[in-house]
Amino acid sequence: SLYQTIQRLEREGLIIPRKTVRDDKRPERTVYEITEKGREIALEWMRAILSTLTREYPEFPAAMSFLPLLTPDDVASQLELRAKAIESELRRIDEVLQEAQAVPRLFLLEMEYLRVLHATELSWVNSIVGDLSAQRITWTEEWLRQIAAKFSIDPKLDQD
């Protein structure tokens, strides 16, 4: 798919091959250069991405909408695993930021942004785990059936 993307960019006149190089026993590789048209489109894309709020819908929020398919204990366990993974990623980001102290902040903004997102998500995930553990958020199959009946929803849950 990378090669298809490169071919498409070249076909659209956004990049051109600059040179072909070969390192020792490695295969030839082509170095591409962005064209003026490519630069203009890249800048237009950057401005749009930076200025516009998009409705991204990643997998995690989608999975959260289906929590009733699992038990509260199972959800808590899975979210605890997620919290550990986020903590690990935060440690990695902190190490990168620590090692890059001499680098101007301009070049670290992406890492700062990722750190803030992960820290916020970790706080939220931990709050949900706490609410599940304290049973402030809970559900049973019977309760879900009552909610479905109240809103005239056919839950299609097994009666076994």
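Presented here is an overview of the structure given in this document. (Residues numbered from 1 in each chain as written. Predicted model: local features only at pLDDT ≥ 70, side-chain atom pairs only at ≥ 80, totals over all residues. Heavy atoms only, no water.)

1. Focus: the layout of surface pockets
Selection rule: A cavity here means a set of points on a 1 Å grid, drawn over the protein atoms and nothing else, where a 1.4 Å probe fits but cannot get out; a pocket is an open set with protein on both sides within 12 Å along at least five of seven lines, and a residue lines either one if it has an atom within 4 Å of a point. Grid points are joined across faces, edges and corners, and a volume is the space filled by probe spheres set on the points. Strands here mean DSSP runs of E at least two residues long; helices mean DSSP runs of H or I at least four residues long; both are numbered from the N terminus. Any residue outside Ala, Val, Leu, Ile, Met, Phe, Trp, Tyr, Cys, Pro, Asp, Glu, Lys and Arg is labelled polar, Gly included; the first ten of those are nonpolar and the last four are charged.
Here the largest pocket is characterised by a volume of approximately 510 Å³. Among the elements that take part in the lining of the largest pocket, helix α2 (residues 36-51) stands out by supplying four residues, more than any other. Its residues assigned to classes, the lining of the largest pocket shows eight nonpolar, two polar and one charged.

2. Notes on the pattern of salt bridges
Charged atoms that come close allow side chains of opposite charge to pair. Defined as follows: The term salt bridge refers to a side-chain nitrogen of Lys or Arg lying within 4 Å of a carboxyl oxygen of Asp or Glu. Exposure categories follow from relative accessible area, calculated using a 1.4 Å probe and restricted to protein chains: below 20% of the type maximum is buried, above 50% is exposed, and the middle band is partly exposed.
Tallied over the full model, the rule gives eight salt bridges. Here R92 ties to E89 by a salt bridge, and the two come within 2.7 Å at their closest N and O atoms. Of this pair, R92 and E89 both sit in helix α4 (residues 72-99), three residues apart, which is roughly one turn of the helix. A residue is classified by how much of its surface remains accessible, and E89, at 24% relative accessible area, is partly exposed.

3. Some points on the packing of α4 against helix α5 (residues 109-133)
Worth spelling out the cut-off: Lines are fitted to the C-alpha atoms to define the axes, a helix being fitted only along its stretch in contact, and any angle between axes, read from their N-to-C directions, falls within 0 to 180 degrees. If an angle is under 35 degrees, it is roughly parallel; if it is over 145, roughly antiparallel; if it lies from 65 to 115, roughly perpendicular; otherwise it is oblique. Less than a right angle of anticlockwise turn of the near helix away from the far helix marks a crossing as left-handed, whereas a clockwise turn marks it as right-handed.
In the contact formed by α4 and α5, the axes pass within 9 Å of each other and the chain directions differ by 155 degrees. Taken together, the axis directions place α4 and α5 in an arrangement best described as roughly antiparallel. As for how α4 packs across α5, the hand of that crossing is left-handed. Class assignment for the residues of the contact of α4 with α5 results in 18 nonpolar, two polar and eight charged.

4. Regarding the packing of aromatic side chains
Just so we agree on the cut-off: Any Phe, Tyr or Trp ring, taking Trp's six-membered ring, that has another such ring centre within 6.5 Å forms a pair; planes under 30 degrees apart are called stacked, those over 60 apart edge-to-face, and the others tilted. Sitting over a ring, as applied to charges here, requires NZ of Lys or CZ of Arg to be within 6 Å of the ring centre and within 35 degrees of the ring normal.
Counted according to the given criterion, the structure contains one aromatic pair. Residues F60 and W124 carry aromatic rings whose centres are separated by 6.2 Å and whose planes lie at 90 degrees to one another, so their mutual orientation is edge-to-face. Residue F60 is found in helix α3 (residues 59-64), and its partner W124 is found in helix α5; the two are separated by 64 residues along the sequence. Residue classification places F60 among the buried positions, given a relative accessible area of 19%. In this structure W124 comes out as partly exposed when scored by relative accessible area, which is 40%. Residue placement shows R82 over the ring face of F60; its charged tip is 3.6 Å from the ring centre.

Scope: geometric values only; no functional claims are made or implied.
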